[in-house]
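Each chain, written out:
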Amino acid sequence: MKLRILTVGKAPGWIDEGFAEYAQRMAVERLELVVVSARRGQTDEQRLLAAVREREMPVVLDRCGKAISSEDLATLLAEWRMQGRDVAFLVGGVEGLGPLARQRAEHVLSLSDMTLPHLLVRVVLAEQLYRASTILGNHPYHR
């Protein structure tokens, strides 16, 4: 199973380093970051949706989405593994994502009730995916 985080905008080095740290720790799934390029006449939402591959399940990250625990994310990860589906997590820019992305998504999730900077979401989501995988593997990382 492949997990891709689709996002917009260039991040500072420490964000990329944080993402890379958790991506390399992933033992079962492959975690990839895709930063879509700006295109004249297209919104962030349109560019992100266009980057979702045919067999990927789109999952939107949105402050107003369903709040889940790390254990709940582990349960979802286990279900996705069993289904053999690749997952594309869509992270909007400073304006977030519109209704089209939320309608197309199979899940709309929230990482926090607080508004997080969209660049930081890359690291937070990568860490939570790593944490979910350690929960499933009974690794002591999650205490």
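For the structure, check the block above.
Structure report, in brief. Given the structure is predicted, the values throughout are model-derived calculations rather than measurements.

Topic: the sheet that holds strand β5 (residues 107-110)
- Pairing in this open sheet of five strands is parallel, and the strands run β2-β1-β4-β3-β5 from one edge to the other. Among the strands making up the open sheet, the edge pair consists of β2 (30-36) and β5. Between one strand axis and the next, the sheet turns by 30° as a mean value, whatever way the strands run.
- In this sheet, strand β4 (residues 86-91) lies alongside strand β1 (residues 2-8) in parallel orientation, the contact comprising four bridges.

Looking at helix α1 (residues 13-25)
- With 13 residues, α1 should cover 18 Å at 1.5 Å per step; its first-to-last C-alpha distance of 19 Å lies within 8% of that length.
- Residues of α1 that are buried: Ile-15, Gly-18, Phe-19, Tyr-22 and Ala-23. Burial along α1 is one-sided: seen end-on, the buried residues are contained in an arc of 130°. Across from the buried face of α1, at angles greater than 90 degrees, the exposed residues are Trp-14, Glu-17 and Gln-24.
- Summarising the contacts, the buried residues of α1 are in contact with β1, β2 and α5 (118-136).

Some thoughts on the pairing of β4
- In terms of residue burial, β4 counts as a mostly covered element, since six of its six residues are buried.
- Residues Asp-86, Ala-88 and Leu-90 of β4 are buried on one face, and the alternating residues Val-87, Phe-89 and Val-91, pointing to the opposite face, are buried as well.
- In this structure, strand β3 (residues 56-67) lies alongside β4, joined through six bridges in parallel fashion. Bridged to Leu-61 within β4 is Val-91.
- Crossover handedness for the path β3 to helix α3 (residues 70-83) to β4: right-handed.

A few points about the packing of α3 against α5
- Put simply, α3 and α5 touch, their axes get as near as 8 Å, and they point 75° apart. In terms of axis orientation, α3 runs roughly perpendicular to α5. Along the contact surface, α3 presents Ser-70, Glu-71, Leu-73, Ala-74, Leu-77, Ala-78 and Arg-81, while α5 presents Gln-128, Leu-129, Arg-131, Ala-132, Ser-133, Ile-135 and Leu-136.
- Across the contact of α3 with α5, the residue classes break down as eight nonpolar, three polar and three charged.

What counts and what doesn't
- Residues numbered from 1 in each chain as written.
- Predicted model: local features only at pLDDT ≥ 70, side-chain atom pairs only at ≥ 80, totals over all residues.
- Heavy atoms only, no water.
- Pairing = 2+ DSSP bridges.
- Helix = DSSP H or I, 4+ residues; strand = E, 2+ residues; numbered from the N terminus.
- Axes fitted to C-alpha atoms, helices over the stretch in contact; angles between N-to-C directions.
- Expected span 1.5 Å × (residues − 1).
- Buried < 20%, exposed > 50% of the residue type's maximum accessible area, 1.4 Å probe, protein only.
- Arc of directions from axis to C-beta.
- Contact = heavy atoms within 4.5 Å.
- Right-handed = clockwise from strand over helix to strand, strands pointing away.
- Parallel < 35°, antiparallel > 145°, perpendicular 65-115°, else oblique.
- Nonpolar A, V, L, I, M, F, W, Y, C, P; charged D, E, K, R; others polar.

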